[in-house]
Amino acid sequence: MIRTRCRITSMSHRRPKVLSTTAALFFLLSGCSDGSESSGSDADRGTPGAQTNDAVALAVSHVHGLSPTQAGDGVLIATHQGLITYADGRLRRVGQLRSDMMGFAAGSGQRLYASGHPGEGEDGPAALGLISSADAGQTWQSVSLTGQVDFHALDAWSDGVVGYDGASTSLLLSEDEGATWARLPLVDPVADLAASEDGRLVATTQAGLQVSDDGGRSFRVVDGAPTLYLVDFAEDGSLVGLDIDGRAHVSDDDLSSWEARGVVTQEMTAMTTTPSGDVWVSTTTGLVRSRDDGATFSTAVAW
């Protein structure tokens, strides 16, 4: 059966590293194929590069999301062929699922959320809707919106899940772990989402950085904010973001002032922060890390 599959267009060898806001959103939100190609082909996976820190040789392609591991010793990496973890200098597969995880987020405890498309040999409709794992990615279950929604951006906190559906261009919110959903009023295309534990929601859009302080009932453009592409809330309530040129920016806790910091020089695909203050960024060539709140970045592993 031929499925319609939407994913990031594979043009990494032809497009420039620095993307305009419009181009960044285009590559994130568009690009549908008929699914007749093999999602696990050698051409799609790419050839793993030289590994650092004694990492195992494991092909990684199309990273769509990052999140700290529960132990805080590494990161979970949502890819075109399922979930991978990087910890103790090694890349390892997590569980048996090989789905294309277009959206990915960590909830409370060992709860994980994802969305996307079935992998090679996996049954199901083209759009997975929301799937969830209660055991840190070892096993997954379908939750809701199967065959209806393809979340290209996801985030979660202890009281909810928020996701941007790339198919309908709708921002949706669930306050019962994905069982039911409400549509939020934000109408601009969304590249990335961040949610804080107190329920503040942030979205990067073509109109600029937008924030909701009332649980998603309304959004406003953050005056004076840099043009951010990837964002995440730090443990102290500040927002960490990367602009379209790879420059890191850190806000105060009310998003009223910003400090520019270091630069990621490779083409970025996802980012996350950790409780210890580290900033992790996936790129088309590997995983980079900052141990000094975004002031400097160094390669943790190449692929």
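Structure: above.
Bear in mind that the values here come from a model prediction, so they are computed numbers and not experimental data. (Residues numbered from 1 in each chain as written. Predicted model: local features only at pLDDT ≥ 70, side-chain atom pairs only at ≥ 80, totals over all residues. Heavy atoms only, no water.)

**Details of the packing of aromatic side chains**
Moving on, step 1. If you walk through the whole model with that rule in mind, you get 2 aromatic pairs.
Moving on, step 2. Geometrically, the ring pair formed by Phe 151 and Trp 181 is tilted, given 5.1 Å between the ring centres and 40° between the ring planes. With Phe 151 in strand E11 (residues 151–157) and Trp 181 in the loop between strand E13 (170–174) and strand E14 (182–183), this pair connects stretches of sequence that are 30 residues apart. (Phe/Tyr/Trp six-rings, centres within 6.5 Å; stacked < 30°, edge-to-face > 60°. Helix = DSSP H or I, 4+ residues; strand = E, 2+ residues; numbered from the N terminus.)

**Topic: the pattern of salt bridges**
Moving on, step 1. Applying the stated criterion across every chain yields a total of 4 salt bridges.
Moving on, step 2. In this structure, Glu 259 and Arg 261 form a salt bridge, with 3.2 Å as the shortest nitrogen-oxygen distance.
Moving on, step 3. In this structure Arg 261 comes out as partly exposed when scored by relative accessible area, which is 23%.
Moving on, step 4. In this structure, the salt-bridge partner of Arg 289 is Asp 278, at a minimum N-O distance of 2.6 Å. On the criterion of sequence distance, the pair formed by Arg 289 in strand E25 (residues 286–290) and Asp 278 in the loop between strand E23 (268–273) and strand E24 (279–283) is long-range, its members being 11 residues apart.
Moving on, step 5. Connected via shared salt-bridge partners are Arg 200, Asp 213 and Arg 220. (Salt bridge = Lys/Arg side-chain N within 4 Å of Asp/Glu carboxyl O. Buried < 20%, exposed > 50% of the residue type's maximum accessible area, 1.4 Å probe, protein only.)

**Let's talk about the sheet that holds E14**
Moving on, step 1. In space, the 4 strands of this open sheet follow the order E11-E12-E13-E14, with antiparallel pairing throughout. Looking at strand neighbours, the two that pair on one side only are E11 and E14, the edges of this open sheet.
Moving on, step 2. The pairing of strand E12 (residues 160–165) with E13 spans 5 bridges and is classified as antiparallel. Residue Val 162 lies in a different strand from E13, and its bridge partner there is Leu 173. (Pairing = 2+ DSSP bridges.)

**Concerning the pairing of strand E21 (residues 247–251)**
Moving on, step 1. Counting buried residues in E21 gives 4 out of 5 residues, a clear majority hidden from the surface.
Moving on, step 2. Bridge count between strand E20 (residues 239–243) and E21: 3 bridges; the pairing is antiparallel. Paired with Leu 242 across the strands is Ala 248, a residue of E21.
Moving on, step 3. From the end of E20 to the start of E21, which pair antiparallel, there are 3 residues, and Gly 246 there has a positive phi angle of about 90°.
Moving on, step 4. Bridge count between E21 and strand E22 (residues 258–263): 4 bridges; the pairing is antiparallel.

**Some points on the environment of Leu 76**
Moving on, step 1. Among the structural elements, Leu 76 can be located in strand E4 (residues 74–79).
Moving on, step 2. Overall, Leu 76 belongs to the buried group, its relative accessible area being 9%.
Moving on, step 3. Sequence separation between Leu 76 and Arg 92 is 16 residues, and the spatial gap between their C-alpha atoms is 9.7 Å.

**A closer look at unusual backbone geometry**
Trans peptide bonds make up the majority, and among non-glycine residues the majority have a negative phi.
Moving on, step 1. Backbone geometry at Ala 136 places phi at a positive 60°, although glycine is not the residue there.
Moving on, step 2. Checked against the element boundaries, Ala 136 lands in the loop between strand E9 (130–133) and strand E10 (141–144).
Moving on, step 3. Here Ala 136 falls in the partly exposed class, since its relative accessible area comes to 26%.

Function cannot be inferred from these measures alone, as they are strictly geometric.
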